[in-house]
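Observations on the three-dimensional arrangement
The primary structure of each chain is shown beneath.
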Amino acid sequence: MMMNFDFTPEQEMLRSTVRKFVDKEIMPYIKEWDERGYFDPNIFKRLAELNLMGVCIPEEYGGMGMDYNSLAIVCEELERGDTAFRTAVSVHTGLNSLTLLQWGTEEQKQKYLVPQAKGEKIGAFGLTEPNAGSDVASISTTAVRDGDYYILNGQKTWISLCDIADHFIVFAYTDKSKKHRGISAFIVERTMPGFSSKAIKGKLGIRAGNTGELFFDNVRVPKENLLGKEGEGFKIAMSALDNGRFTVAAGAVGLIMACLEASVKYCHERKTFGKEIGRHQLVQQMIARMEAGLQISRLLVYKVGFLKNQGRRTTREASLAKWIACDFANQAADDAVQIHGAYGYSNEYPVERYLRNSKAPVIYEGTREIHTIIQAEYVLGYRQDKPLRKMLPPWNPDSVKL
Ligand SMILES: Cc1cc2nc3c(=O)[nH]c(=O)nc-3n(C[C@H](O)[C@H](O)[C@H](O)COP(=O)(O)OP(=O)(O)OC[C@H]3O[C@@H](n4cnc5c(N)ncnc54)[C@H](O)[C@@H]3O)c2cc1C
């Protein structure tokens, strides 16, 4: 396949659709939603109407059948509006739907993936626990086989869409003695007795999003809802993160775009010492850093999409893209506040929200430190990717639904 940096007409159309949606249905309200900590459930309905809830899911499973970089475009444009909406697509499509596509049985795909890709049901991802974030093997949720069911007990925390999602991919130990090889993955429905959730209040950012705890009190999950095989949960979680990190990195590109837009406008409006602040070289340095961050991050993101389109492994590349793009976005948001001076410190301008929102992506789906270690280990030869039993399918260009 030749390298091609041009977008297809379909991708251009997709970008324009999402941009119009964000400008009309998110931008006018986001300041108020962020202040109130309000997550608008109608956003999902509208995203579903626009076929954006399963943009890269094959048409046979209810999606649009577009390529993986089209998912990146959706994430970029949504995060230009607010990180909360990109986060929602990251967990729904990146962490949940693509994991079902990769690891699910045909029955699981029909039952869970199809309604998710159509946006009729919302999916989320429950890995983190109060005592286990970066150190996944420290989870303590258990799943004990009882006839045709597994009985789940435990707690998850910091789960995006905790009160909104219908289906969760949940990780629990089926055999603690096997350490990470004893973790299994399950599809849990909100309506299963013993399941409950509770939002976390007082977040620094992503205030227009829903994040919180999940509780499993003797939840009986049918054995048909085991995703993959018993003991494959750790591999499933890591491969889900390959997809999630791609969407987080793409979103970071959108946040840098938003920082640049706001900063360039302000540079032309604000004058000091008789000239526009954009004429001062130290302000230009911040603008230049944002531009470099934007271009570098984009290349890293689209390379991951390019590899995914061919059905190739992206663990190393997605980690690098996520780490670098989120760091650049965090720096761009800090610079954007600096360029706005004291006005940047108030919510009269959006840049303070960008700075608050830019922090979570440096923490979730692998912290900055974890990605630094991953990259060093690849280079030093301490880490190799072992083949997976199931790979994410490549993009099939014949399956685009327009
Ligand atoms: C807004 C938001 C949404 C989230 N959504 C989800 C979700 O939908 N589903 C989900 O499962 N989780 C979610 N998370 C949780 C997120 O994935 C975890 O917070 C993340 O994995 C880090 O884990 P931790 O917070 O426990 O930090 P810890 O793992 O306790 O780390 C604390 C600090 O120590 C550092 N550290 C840890 N280990 C090492 C090491 N070996 N070397 C060097 N430094 C190290 C870390 O980098 C960090 O700075 C979300 C988090 C946030 C903030």
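Residues numbered from 1 in each chain as written. Predicted model: local features only at pLDDT ≥ 70, side-chain atom pairs only at ≥ 80, totals over all residues. Heavy atoms only, no water.

If you check an unreviewed UniProt entry, the protein appears there as Acyl-CoA dehydrogenase from Parageobacillus galactosidasius. The record in UniProt for the protein states the following under Sequence similarities (unreviewed entry): "Belongs to the acyl-CoA dehydrogenase family." (UniProt positions renumbered as here; feature names shortened; annotations may be inferred.)

Time to look at the overall build of the protein. Assigned secondary structure in the protein consists of 12 helices and 10 strands. Relative to the globule expectation of 21 Å for 402 residues, the C-alpha radius of gyration of the protein, 21 Å, shows essentially globular dimensions. When its C-alpha atoms are laid out on the principal axes, the protein stretches across 80 × 50 × 45 Å. Residues counted as buried form 54% of the 402 residues belonging to the protein. The averaged location of the 49 negative side-chain charges in the protein is 3 Å from the averaged location of its 52 positive side-chain charges. (Helix = DSSP H or I, 4+ residues; strand = E, 2+ residues; numbered from the N terminus. Rg over C-alpha atoms; globule rule 2.2 N^0.38 Å. Buried < 20%, exposed > 50% of the residue type's maximum accessible area, 1.4 Å probe, protein only. Lys, Arg positive; Asp, Glu negative; His and termini not counted. Charge placed at Lys NZ, Arg CZ, Asp CG, Glu CD.)

We now examine the side chain of Glu76. Relative to the helices and strands, Glu76 resides in helix α4 (residues 68-81). Here Glu76 falls in the buried class, since its relative accessible area comes to 0%. In this structure the side chain of Glu76 is engaged in a polar contact, spanning 2.9 Å, whose partner is the side chain of Arg15. Those residues within four positions of Glu76 in sequence are excluded, and the remaining contacts are Arg15, Ala250, Gly251, Val253, Gly254, Met257, Arg298 and Tyr302. (Polar contact = N/O pair within 3.5 Å; in protein donor to acceptor, adjacent residues only side chain to side chain. Contact = heavy atoms within 4.5 Å.)

Per the UniProt record, the feature "domain: Acyl-CoA dehydrogenase/oxidase N-terminal" (unreviewed entry) sits at residues 8-120. Here residues 8-120 is 73% helix and 0% strand, with 28 Å between the C-alpha atoms at its ends.

Take the domain arrangement of the protein next. When its domains are assigned, the protein resolves into domain 1 (9-122), domain 2 (125-232) and domain 3 (234-380). One C-alpha centre belongs to domain 1, the other to domain 3, and the line joining them spans 20 Å. In this assembly, 29 residues from domain 1 lie in contact with 34 residues from domain 3. Along the contact surface separating domain 1 from domain 3 lie 4 salt bridges. The salt bridge involving Arg353 is made with Asp82; its shortest N-O contact spans 2.6 Å. Taken together, the connections running from domain 1 to domain 3 amount to 16 residue pairs in polar contact (both at pLDDT 80 or more). The element contributing the most residues to the side of domain 1 that touches domain 3 is α4, with 11 residues. Partitioned by chemical class, the residues of the side of domain 1 that touches domain 3 number 9 nonpolar, 8 polar and 12 charged. (Domains from an automatic or database assignment. Salt bridge = Lys/Arg side-chain N within 4 Å of Asp/Glu carboxyl O. Nonpolar A, V, L, I, M, F, W, Y, C, P; charged D, E, K, R; others polar.)

Another point: the UniProt feature "domain: Acyl-CoA oxidase/dehydrogenase middle" (unreviewed entry) in the protein. According to UniProt, the "domain: Acyl-CoA oxidase/dehydrogenase middle" (unreviewed entry) feature falls on residues 124-219. Taken as a whole, residues 124-219 contains 0% helix and 50% strand, while its terminal C-alpha atoms sit 17 Å from one another.

As defined by bridge partners, strand β2 (residues 142-146) adjoins strand β3 (residues 149-160) across 5 bridges and the pair is classed as antiparallel. In the sheet register, Arg145 faces β3, and the bridge partner there is Tyr150. The antiparallel hairpin formed by β2 and β3 contains 2 residues in its connecting segment, where Gly147 sits at a positive phi of about 65°. Direction of pairing for β3 relative to strand β7 (residues 211-222): antiparallel, over a ladder of 9 bridges. Following the sheet pairing, Tyr150 is matched in β7 by Val221. (Pairing = 2+ DSSP bridges.)

As a structural note, the neighbourhood of the ligand is formed by 18 residues, with Thr128, Ser134, Trp158, Thr367 and Glu369 the closest of them. For the ligand, a nitrogen atom lies 2.9 Å from a polar atom in the backbone of Phe125. Elements with a minimum of two residues in the shell around the ligand: β3, α11 (360-363) and α12 (368-380). Taken together, the residues of the shell around the ligand sort by class into 10 nonpolar, 6 polar and 2 charged. Two domains each provide a minimum of three residues to the shell around the ligand, namely domain 2 (125-232) and domain 3 (234-380). (Near = heavy atom within 4 Å.)

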